[in-house]
Amino acid sequence: QVQLVESGGGLVQAGGSLRLSCVVSGSLSSFNTMGWYRQAPGKQRELVAAITTFGYTNYLESVKGRFTISRDNANNTVSLQMSSLKPEDTAVYYCNVQWPFRNYWGQGTQVTVSS
């Protein structure tokens, strides 16, 4: 029943901005942690940013000051505003929502940053 639908990926030049959004349907509860992960070709998946129900955030060190995660609990959405993008940000970005003992993923959206 739980489904995550992502949007906003695409191609952008270095220094540009992009906003990713994820809508969660069939949510069991708003008491959860939502986040964005990314995986570049040949590399391990890594956590980019996460946010709790009440707004506590955690960021990958390399994106601090450039990316901002936010959520709208009323509409069950989580977004990632990405600015000052770098070629090394190129990856497939995955939306994630995690409840205690439950974890769901989006299908992934490609972000490509050209130099």
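Calculation notes
Each residue is numbered by its place in its chain's sequence as written, counting from 1. A pLDDT threshold of at least 70 governs which residues receive local features in this predicted model, and a stricter bar of 80 or more applies before side-chain atom pairs are shown or counted, although totals over entire chains, interfaces and linings include all residues. Here the side-chain values reflect all heavy atoms present in the structure, with hydrogen atoms and water set aside. Secondary structure follows DSSP: runs of H or I at least 4 residues long count as helices, runs of E at least 2 residues long count as strands, and numbering of each begins at the N terminus. Note on method: radius of gyration uses C-alpha positions; expected globular size equals 2.2 Å times residues raised to 0.38. Residue burial is assigned from relative accessible area. The probe radius is 1.4 Å, only protein chains are included, and a residue is buried under 20% of its type maximum, exposed over 50%, and partly exposed in between. Methods summary: accessible areas were calculated by the Shrake-Rupley approach with a probe of 1.4 Å, and residue burial reflects only the protein chains presented. In this description, a disulfide is simply a cysteine sulfur pair whose atoms lie within 2.5 Å. In this description, contact between two residues means that some pair of their heavy atoms is separated by no more than 4.5 Å. In this scheme Phe, Tyr and Trp rings, the latter by its six-membered ring, pair at centre separations within 6.5 Å, and the angle between planes marks the pair as stacked below 30 degrees, edge-to-face above 60, and tilted otherwise. Note on criteria: charge over ring means Lys NZ or Arg CZ within 6 Å of the ring centre, with the direction from the centre no more than 35 degrees off the ring normal. Think of it this way: DSSP has to see at least two bridges between two strands before they count as a pair. For every element, the axis is a line fit to its C-alpha atoms; helices are fit only across the contacting stretch, and the angle between N-to-C directions ranges from 0 to 180 degrees.

What's the story with the overall build of the protein chain in this structure? I'm lost.
Assigned secondary structure in the protein chain consists of zero helices and eleven strands. Start at the N end of the protein chain and walk to the C end: the helices and strands fall as β-β-β-β-β-β-β-β-β-β-β. For 115 residues, the compact-globule estimate of 2.2 N^0.38 gives 13 Å, and the protein chain sits close to it at 13 Å. With respect to the three principal axes, the spread of C-alpha positions in the protein chain is 40 × 25 × 25 Å. Out of the 115 residues in the protein chain, the part that is buried amounts to 39%. For the protein chain, the computed accessible surface area is about 6,200 Å², with 49% contributed by carbon and sulfur atoms.

Explain the state of the cysteines here, please?
Formally, a disulfide is one covalent bond, and it connects the sulfur atom of one cysteine to the sulfur atom of another. One pass over the structure, following the stated rule, counts one disulfide. Residue pairing for Cys22: its cysteine sulfur links by disulfide to Cys95, the two sulfurs lying 2.2 Å apart. A torsion of -85 degrees about the S-S bond marks the disulfide between Cys22 and Cys95 as left-handed. In this pair, Cys22 sits in strand S3 (residues 18–25) while Cys95 sits in strand S9 (residues 91–99), placing the two residues 73 residues apart along the sequence. Per residue, the accessibility class of Cys22 equals that of Cys95, and both read buried.

Hey, could you run me through the side chain of Thr77 in this one?
Within the secondary structure, Thr77 sits in strand S8 (residues 77–82). Relative accessible area serves as the criterion here: at 18%, Thr77 is assigned to the buried category. With residues up to four places along the chain from it excluded, the contact list for Thr77 reads Cys22, Val23, Met34, Ser70, Arg71 and Asp72.

Can you walk me through the packing of aromatic side chains in this structure?
Pairs of aromatic rings are described using the distance from one ring centre to the other and the angle between the two planes. According to the stated counting rule, one finds three aromatic pairs in the structure shown. With centroids separated by 6.0 Å and ring planes inclined at 55 degrees, the aromatic side chains of Phe31 and Phe54 adopt a geometry described as tilted. Taken together, the residues span a long stretch of sequence, with Phe31 in the loop between S3 and strand S4 (33–39) and Phe54 in the loop between strand S5 (46–52) and strand S6 (57–59) at a distance of 23 residues. Like Phe54, Phe31 is exposed. Between Trp99 and Tyr104 the ring centres are 5.8 Å apart and the planes differ by 80 degrees, which places this aromatic pair in the edge-to-face class. A relative accessible area of 27% places Tyr104 in the partly exposed class. Sitting above the plane of the Tyr37 ring, Arg45 keeps its charged end 5.2 Å from the centroid.

Help me understand the sheet that holds strand S7 (residues 67–72) in this model?
The strands making up a sheet associate through backbone hydrogen bonding, with each pair oriented either parallel or antiparallel. Ordered by their spatial adjacency, four strands build an open sheet running S1-S3-S8-S7, and the pairing between neighbours is antiparallel. Looking at which strands have only one partner, the edges of the open sheet turn out to be strand S1 (3–7) and S7. When strand polarity is set aside, the average angle formed by the axes of neighbouring strands in this sheet is 15 degrees. Summarising the sheet, S7 and S8 pair through six bridges and their orientation is antiparallel. Looking across to S8, one finds that Arg71 is bridged to Val78.

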